[in-house]
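Summary of the model geometry
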Amino acid sequence: MATPGDAAAAAAAGGGVRRAPLRLAPRRLTEWAVFVLSIGAALAFWELISRTGVISQKDLPSMSTSFHELWRLVQTGAFWTAFLQTVRGWALGLAVATALAVPLGILLGSSEFAAGAFRVPIEFLRPIPSAALIPLLFLTLGTTLKSEVFLAAFGAFWPLLVQTMYGVHDVDPIALDTARSFGLNRFDRLWRVKLPSAVPYIATGLRIASTVALILAFTAELFMGIPGLGQKVNFAQAFGLDDQLYAYALATGFLGVLIHLASSAIERRALRWHPSQRLTQP
Amino acid sequence: MSRRTYTTLKIGAEIAVPIAILFAWQAWSANAHDPKFPRLSTILVEFKDMWLFSQFGTHVVPSLERIAAGYALAVVVGIAVGIPIGLSRWARLWAMPHIEYWRAMPPPALLPISIVLLHSIGNVQKISFIAFFCLFPVLLNTIDGVRGIDPTFMETARSYGLGWWETIRRVVLPASSPQIAAGMRNSLSLAVIMMVLSEYFSSTSGVGYVLLISKNTFQLAPMWAAILLIGVLGYVLNLLFGLAERRVLAWHRGWRAGFEAA
């Protein structure tokens, strides 16, 4: 059934039920065979439609050309500089968002009064697409790393805030009463009861936020010309270097997969000890 | 403090805080004299002049059409493809590597490619772009919802001799609909973002286009009005979806309330 974090994500989205995230790591040998075959078939299909001219090679460089270009790029220093610049924007943005959203979420989550007072502003700001802020950033922070970090942090802030609020709010009342009758003071209750029980929610928020932060770091680079993979994609398009365009897009996709896998692993780790997991995982 | 005073205070705060924030913004922007941050009142007047309704037809309607078409496409394809994948373990194994790769791809990375590939900076490219990235929340939630259907339901359907179409219509779709709705809601907020991105990159009309042009020409009040409109758009669409969902899933809410309380 639902992991607590995802339930909160669903509740934050206004209802609906989320089961444990789809986990489809192949386990048996036949499953690995299907996995490999499936990827192989897709790549072969790509090669075929490009080589046979269903889509001209000018518009869609063949799979082998694109991967060859990617292989050439990964041997250059410029590629890794851009790659690390994107990772830096992502990491700083996520860090800033976490540093702000988690304490604020704890504050708003522990006090019904505060949560009520800020409900409307949060509900209004949350759905605003961060991309709409790009023109404003051009004029204020300029085409600098600061803009990239701000955009990534702004996007990552909301899912983290909402998840933390739900997590702290959703603490087991009996555990809280027990802590109180043991004479734990306010701080100890927060540190020893509320925070540990909110960790799975925060981990889910972190998984969602890390994807969002990458998208926005890349967006800032693409639209504002801040150095990184996004800027490379923009150059490749401007100069009509289609091979590079596809190679950089492939690389960006792999970075996305990498970040998704890492944050999912952290989330599972954070959820492992949680009672809901022990009860529902056979 | 009595319970009633507390409740009154809380509701008061819920109303007062947003108003206080707006006032603070107005007061700050009036004193800042910074052309980058026009007064809130100036922005609101500009908002009224632009969007109610002189430029509504030329720019808001095209954006809304793109959102509607892209979103509708994503929902139909997501559900149609998600059901068979959800029902079959082998289909899941086959499809998941691709779904996992494409949904981890930051959408703007495909923006230039979509233009090269589709030879278009018009509606074809915009709608395809919106549809492609709105697909994943619907698709993943459909797969997950279908996968999680109580096997008893499916066995009951089989023992009643329901054909595959009837089984999907009467069992699979209703049983997974709450989760499909959750996916559709995420997709809808995504649709607004994708609309802005695609119009911001290359276009001749739309809200994203207005945003880009007003920035490039340093027309700051219109720029702020466009940002505000995008915010309002996201908020209103989310609100409308909530209302529609409540109606369509009314039969389901009791059970869900029980689930969430648990």
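Quick caveat: nothing in here was measured; it's all calculated off a predicted structure.

This part covers the overall build of chain B. Counting secondary structure elements, chain B contains 11 helices and 0 strands. In sequence order, chain B lays out its α and β elements as α-α-α-α-α-α-α-α-α-α-α. For chain B, whose C-alpha radius of gyration is 23 Å, the value lies well above the compact-globule estimate of 18 Å for 262 residues. Its C-alpha atoms give chain B principal-axis dimensions of about 75 × 65 × 30 Å. Out of the 262 residues in chain B, the part that is buried amounts to 39%.

With that out of the way, let us pick up the interface of chain B and chain A. Taken together, the 56 residues of chain B in the interface contact 56 residues of chain A. Breaking the side of chain B that touches chain A down by element, the ones donating at least two residues are α1 (3-32), α4 (89-104), α5 (111-118), α6 (123-147), α8 (164-201), α9 (207-216), α10 (220-248) and α11 (250-261) of chain B. Residues that form the side of chain B that touches chain A fall into these classes: 37 nonpolar, 9 polar and 10 charged.

Right, let's talk about the nonpolar core for a bit. Counting residues in each nonpolar core, the largest one holds 126 residues, and the members touching the most others are Ala 213 of chain A together with Ile 130 and Cys 134 of chain B. Broken down by element, this core gets its largest block of residues, 18 residues, from helix α10 (residues 186-224) of chain A. Dropping the residues within four chain positions of it, Cys 134 of chain B is found in contact with Gly 70, Tyr 71, Ala 74, Ser 187, Leu 190, Ala 191 and Met 194 of chain B.

Another point: the confidence of the model for chain B. Residues and elements named next belong to chain B. Per-residue pLDDT for chain B has a mean of 84; in total, 95% of the residues score no lower than 70. This model gives residues 257-262 a pLDDT under 50, and the stretch forms 2 contacts once residues within four places in sequence are excluded. If you check the scores for this complex, the pTM reads 0.82 and the ipTM reads 0.79.

What counts and what doesn't
- Residues numbered from 1 in each chain as written.
- Chains lettered and ligands numbered in written order.
- Predicted model: local features only at pLDDT ≥ 70, side-chain atom pairs only at ≥ 80, totals over all residues.
- Helix = DSSP H or I, 4+ residues; strand = E, 2+ residues; numbered from the N terminus.
- Rg over C-alpha atoms; globule rule 2.2 N^0.38 Å.
- Buried ≥ 20, exposed ≤ 12 C-beta atoms within 10 Å, placed from the backbone.
- Contact = placed C-beta atoms within 7 Å.
- Nonpolar A, V, L, I, M, F, W, Y, C, P; charged D, E, K, R; others polar.
- Core = buried A, V, L, I, M, F, W, Y, C linked by C-beta atoms within 7 Å.
- pLDDT = per-residue confidence, 0-100.

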